[in-house]
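One letter stands for each residue in the lines below.
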Amino acid sequence: MHLTIIPMLEEIGFTVNYQPDIKAAEIKDLLAEYDGLIVRSKLKITEDLLTGSNRLRFIARAGAGVDNVDEAALQKHNIKLLNAPEGNRDAVGEHTVGLLLALFRHIVTADAEVRRYEWHREANRGEEIMGKTIGIIGYGNMGRSFAKRLQGFDCQVLAYDLDHSIIPDDNAYLVSLEQIKNEADVLSFHIPYTAANRYLAHETFFNGFRKNIWVLNSSRGEILELKGLVRALQAGKVKGAALDVLENEKLNTLTEEQKSYFEYLIKAPNVVLSPHIAGWTHESYVKINQVLTAKIKDILPELRKTKELD
């Protein structure tokens, strides 16, 4: 956590114990002493971890994704779950535009060539975003942020979301998935990982698009099957891909199959990769704290009431 979290929480009345180096196995024995727990993505919040933590009233995830949290276990123990997608959505929106520009304009390849004293202009002739149709899967905080930043490029933005309560805005047309498959030149994923959408994007999914498409993923790696992506790239159905996330980001633990597909990606000139940094900026590091502190402050009256009842 950015260290601003300590004075922010103290200002609203909390005593803070910041232990960034604590081992996962040590946490369970400490939880009985605390009203709240703030975590990032590495700690798995499980039923076993929560057993005996009768005082705990909230768990705050410093970031957007909550796939490391067993939400059913939290409900069972009457523990609130907070997260902070508002804190890093701007960073994700900007980075995804960067991925798209790097992909379209061969920026990574061209940079490497010039550093080798190579000067290939025609081979690096790119494409423009202007006039393209961008399809966004997931129109929450991240999808909206990306769409907002596309407005200066004179492109059409289509968005699809399973949540039918999503309110449309001026930055994208809310459409069906079928319309995106029929019209999109670029497909960008902005959805959380759940068991239901594991490998949502596979070879058959990509083949369902009318056009050959470009693919961006700055959400969660597990939603996109590397095998299916590689086969779509090899077949030309996917013209290029920019990935900030992978289905297995612990590269030293890749299976032989995963390694073979990863090796293809790192050698492919039409693939851009970054190490899960879309939401990882100096500014978002602080903004996540601000968002979490505000949300914790909002639930304080309820927390105090619950403690009085206890």
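Going by what an unreviewed UniProt entry lists, the protein chain is known as Phosphoglycerate dehydrogenase and is assigned to Adhaeribacter swui.

Novice: What's the story with the UniProt feature "domain: D-isomer specific 2-hydroxyacid dehydrogenase NAD-binding" (unreviewed entry) in the protein chain in this structure? I'm lost.
Specialist: Under the feature "domain: D-isomer specific 2-hydroxyacid dehydrogenase NAD-binding" (unreviewed entry), the UniProt entry names residues 97-278. Along residues 97-278 the backbone is 33% helical and 16% strand, and the end-to-end C-alpha distance reaches 10 Å.

Novice: How should I be thinking about the domain arrangement of the protein chain in this particular structure?
Specialist: When the parts come together, some accessible area is lost, and that loss is often what is quoted as the size of the interface. Segmentation of the protein chain into domains returns domain 1 (4-83 + 281-308) and domain 2 (89-273). A straight line from the C-alpha centre of domain 1 to that of domain 2 covers 32 Å. Listed by partner, the interface residues are 7 residues for domain 1 and 5 residues for domain 2. Of the roughly 410 Å² buried between domain 1 and domain 2, counting both surfaces, carbon and sulfur atoms make up 52%. Together, Ala-64, Asp-67 and Lys-287 form the three largest contributors to the area buried by domain 1 at its contact with domain 2, with a combined 67%. Taken together, the links from domain 1 to domain 2 amount to 2 salt bridges. The interface formed by domain 1 and domain 2 includes 2 residue pairs in polar contact (both at pLDDT 80 or more). Of the residues assigned to the side of domain 1 that touches domain 2, the class counts are 1 nonpolar, 3 polar and 3 charged.

Novice: What's the story with the nonpolar core in this structure? I'm lost.
Specialist: The biggest cluster of nonpolar side chains holds 32 residues, and the ones touching the most others in it are Ile-180, Phe-189, Phe-206, Leu-224 and Leu-229. Only strand S5 (156-160), strand S7 (186-189), helix H9 (203-207), strand S8 (213-217), helix H10 (226-235), strand S9 (238-243) and helix H11 (256-267) provide two or more residues apiece to this core. The dominant element in this core, judged by the number of residues it contributes, is H10, at 5 residues. Once residues within four sequence positions are removed from consideration, Phe-189 is found in contact with Ile-137, Leu-200, Ala-201, Phe-205, Val-215, Leu-216, Asn-217, Ser-218, Ser-219, Ile-223 and Leu-224. Counting 23 residues, the second-largest nonpolar core is a separate cluster that includes Ala-147, Val-186, Trp-214 and Val-272.

Analysis parameters
- Residues numbered from 1 in each chain as written.
- Predicted model: local features only at pLDDT ≥ 70, side-chain atom pairs only at ≥ 80, totals over all residues.
- Heavy atoms only, no water.
- UniProt positions renumbered as here; feature names shortened; annotations may be inferred.
- Helix = DSSP H or I, 4+ residues; strand = E, 2+ residues; numbered from the N terminus.
- Domains from an automatic or database assignment.
- Contact = heavy atoms within 4.5 Å.
- Buried area = accessible area lost by both parts, 1.4 Å probe.
- Salt bridge = Lys/Arg side-chain N within 4 Å of Asp/Glu carboxyl O.
- Polar contact = N/O pair within 3.5 Å; in protein donor to acceptor, adjacent residues only side chain to side chain.
- Nonpolar A, V, L, I, M, F, W, Y, C, P; charged D, E, K, R; others polar.
- Core = buried A, V, L, I, M, F, W, Y, C linked by side-chain atoms within 4.5 Å.
- Buried < 20%, exposed > 50% of the residue type's maximum accessible area, 1.4 Å probe, protein only.

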